[in-house]
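Read off the chains here:
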Amino acid sequence: MEMFQYLEKYDYEQVVFCQDKQSGLKAIIAIHDTTLGPALGGTRMWMYPSEEDAIEDALRLARGMTYKNAAAGLNLGGGKAVIIGNPHTDKNEAMFRAFGRYIQSLNGRYITAEDVGTTVEDMDLIHEETDYVTGISPAFGSSGNPSPVTAYGVYRGMKAAAKEAFGTDSLAGKTVAVQGVGNVAYHLCRHLHEEGVRLIVTDIQQAAVQRAVNEFGAKAVKPAEIYSVDCDIYAPCALGAVLNDETIPTIKAKVIAGSANNQLKNSLHGEQLHEKGIIYAPDYVINAGGVINVADELIGYNRDRALKKVESVYDNIAKVIEIAKRDNIPTYKAANRMAEERIARMRYSRSQFVQNEKHILNRRK
Ligand SMILES: NC(=O)c1ccc[n+]([C@@H]2O[C@H](COP(=O)([O-])OP(=O)(O)OC[C@H]3O[C@@H](n4cnc5c(N)ncnc54)[C@H](O)[C@@H]3O)[C@@H](O)[C@H]2O)c1
Ligand SMILES: CC(C)C[C@H](N)C(=O)O
């Protein structure tokens, strides 16, 4: 990869490589854009096939957080970190504390939280060394695991997309196919079950499937079958790139609304969904509940206030659909437009020099 060429292409601000031989820490922090405020995004721990894959993932995810935070109306920029290693076998206290010291050295330009492969316990270790971490234990007056709140946001966003497709946002009697019933989707299934939805689920872990079958009366199908089942709504809640040339032609759902990041393999697939008349709730808009929740910690966490803010995912999905209809463009493009326009407006309005300017981190004091 021609690093600076890539950074210039998408206008990244900063990339930090963090190494600590004794603990085995190899991490990359990518800060994409801090126009709206400090860059907030989780830390992913993953066994990357190569260092180049890890760098690419950090960069791609950081840019995604710029869009997610902007579209959610947060005064936060976009960044993300990756730790190279096996989250089941390679973690240790010194690793996360060394990583916390690197975050501290950025003096608030980057704030971390959970992502795939990291937990509340890991955030607590990072917190030993820095204040620039969210999603830490409720014992510290913080928000804890973001997944249930992400699920609530996805549920709200799904209702907004359903309103467009079916003329009502009631999901009672609808069939929803859920791909992956992990941390987020388990809670999503609970909301859907309580509203009288028929659930079809799949997962590569049998125990996760069985729990949804037992608790919510879900019907189980094999992983490869989930795309083509008869359903009203397809909820991708596992991996990225699941909306691609192979899967899109088989999808029968009228709505796609799930928590997974980077659902479109590439932007062409967003066009294909538009041509098929499927209402696609853009991933980074519908799954913003987690980041909205952890961002509330920056002003002194209040669960009720955070949940109230997460309800706005409904309005944000409705707004994206409205822009898509007004401009006759796919919803993924409408979401990008919404985020980019907000950043451009704020960049302009915040371009004047102000001594000791006010920003979200100053509100903590
Ligand atoms: N946790 C959050 O707050 C949050 C916030 C925003 C976005 N997300 C995104 O939502 C998705 C789910 O996150 P999570 O925290 O629930 O993760 P998780 O690991 O708890 O759940 C994912 C589930 O998907 C299953 N899975 C993996 N590959 C599969 C396949 N091929 N077919 C079917 N199932 C498969 C896994 O076995 C697991 O049960 C991820 O893409 C994540 O990036 C999560
Ligand atoms: C800040 C975190 C809760 C971010 C979450 N991992 C996401 O992708 O939105």
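Here the structure is a predicted model, which means the values were calculated and not measured. (Residues numbered from 1 in each chain as written. Chains lettered and ligands numbered in written order. Predicted model: local features only at pLDDT ≥ 70, side-chain atom pairs only at ≥ 80, totals over all residues. Heavy atoms only, no water.)

**Some points on helix α5 (residues 147-166)**
Under the 1.5 Å per step criterion, the end-to-end length of α5 is 28 Å for 20 residues, consistent within 8% with the ideal 28 Å. Counting buried positions along α5 yields 14 of 20 residues, so the element is predominantly enclosed. The first or second residue beyond α5 is G167, which carries a positive phi of 80°. (Helix = DSSP H or I, 4+ residues; strand = E, 2+ residues; numbered from the N terminus. Expected span 1.5 Å × (residues − 1). Buried < 20%, exposed > 50% of the residue type's maximum accessible area, 1.4 Å probe, protein only.)

**Quick notes on the confidence of the model for the chain**
Summing up the model confidence of the chain, the mean pLDDT is 96 and the portion of residues at 70 or higher is 99%. Reported for the predicted complex are a pTM of 0.95 and an ipTM of 0.98. (pLDDT = per-residue confidence, 0-100.)

**Overview of the site of ligand 2**
Residues in contact with ligand 2, as listed here, are L40, K68, K80, A113, E114, D115, P146, N261, G290, V291 and V294. For ligand 2, an oxygen atom lies 3.3 Å from a polar atom in the side chain of K80. Separating a nitrogen atom of ligand 2 from a side-chain N or O atom of D115 is a distance of 2.7 Å. For ligand 2, whose accessible area on its own is 290 Å², the fraction buried by protein is 91%. When residues in the shell around ligand 2 are grouped by element, the largest group, three residues, is from helix α10 (residues 289-295). Residue composition of the shell around ligand 2, by class: five nonpolar, two polar and four charged. Both domain 1 (3-66 + 76-140) and domain 2 (147-343) contribute no fewer than three residues apiece to the shell around ligand 2. (Near = heavy atom within 4 Å. Polar contact = N/O pair within 3.5 Å; in protein donor to acceptor, adjacent residues only side chain to side chain. Areas by Shrake-Rupley, 256 points an atom, 1.4 Å probe, with all protein chains shown as cover. Nonpolar A, V, L, I, M, F, W, Y, C, P; charged D, E, K, R; others polar. Domains from an automatic or database assignment.)

**Some words on the site of ligand 1**
Surrounding ligand 1, one finds 20 residues, the nearest of these being T150, N183, V184, D203 and A238. D203 places a polar side-chain atom, nitrogen or oxygen, 2.6 Å from an oxygen atom of ligand 1. Here an oxygen atom of ligand 1 sits 3.0 Å away from a polar atom, N or O, in the side chain of S259. Protein coverage of the free-state accessible area of ligand 1, which is 830 Å², stands at 79%. Breaking the shell around ligand 1 down by element, the ones donating at least two residues are α5 and α6 (183-194). Of the residues contributing to the shell around ligand 1, the split by class is eight nonpolar, nine polar and three charged.

**Concerning the environment of L106**
Positionally, L106 belongs in the loop between α3 (93-105) and β6 (110-111). L106 sits 44 residues away from A62 along the chain, and the two C-alpha atoms are 16 Å apart. The residues contacting L106, other than those within four sequence positions of it, are Q14, V16, I29 and I31. (Contact = heavy atoms within 4.5 Å.)

**Focus on the domain arrangement of the chain**
Per the domain assignment, the segments making up the chain are domain 1 (3-66 + 76-140) and domain 2 (147-343). The C-alpha-based centres of domain 1 and domain 2 are spaced at 25 Å. Of the residues lining the interface, 17 residues belong to domain 1; the matching set on domain 2 comes to nine residues. Summing both partners gives a buried area of about 990 Å² for domain 1 against domain 2, and 67% of it is carried by carbon and sulfur. Where domain 1 meets domain 2, there are one residue pair in polar contact (both at pLDDT 80 or more). It is helix α2 (residues 51-71) that provides the largest number of residues to the side of domain 1 that touches domain 2, a total of four residues. (Buried area = accessible area lost by both parts, 1.4 Å probe.)

**Regarding the side chain of T66**
Along the chain, T66 turns up in helix α2. T66 sits in the buried class, given a relative accessible area of 3%. Engagement of the side chain of T66 in a polar contact is seen with the backbone nitrogen of G78, the distance being 3.4 Å. Among all residues touching T66, those that are not within four sequence positions of it are H32, D33, G77, G78 and I343.

**Description of the environment of T34**
Relative to the assigned elements, T34 resides in the loop between β2 (25-33) and β3 (39-40). Sequence separation between T34 and R347 is 313 residues; the distance between their C-alpha atoms is 9.7 Å. If we skip the residues at most four places from it in the chain, T34 touches E13, A39, G77 and R109.

**Section: unusual backbone geometry**
The phi dihedral of D11 is positive, around 60°, even though this residue is not glycine. Assignment of secondary structure puts D11 in the loop between α1 (3-9) and β1 (14-20). On the basis of relative accessible area, D11 is assigned to the exposed category, the value being 53%. Here N262, not a glycine, exhibits a phi torsion of approximately 55°, which is positive.

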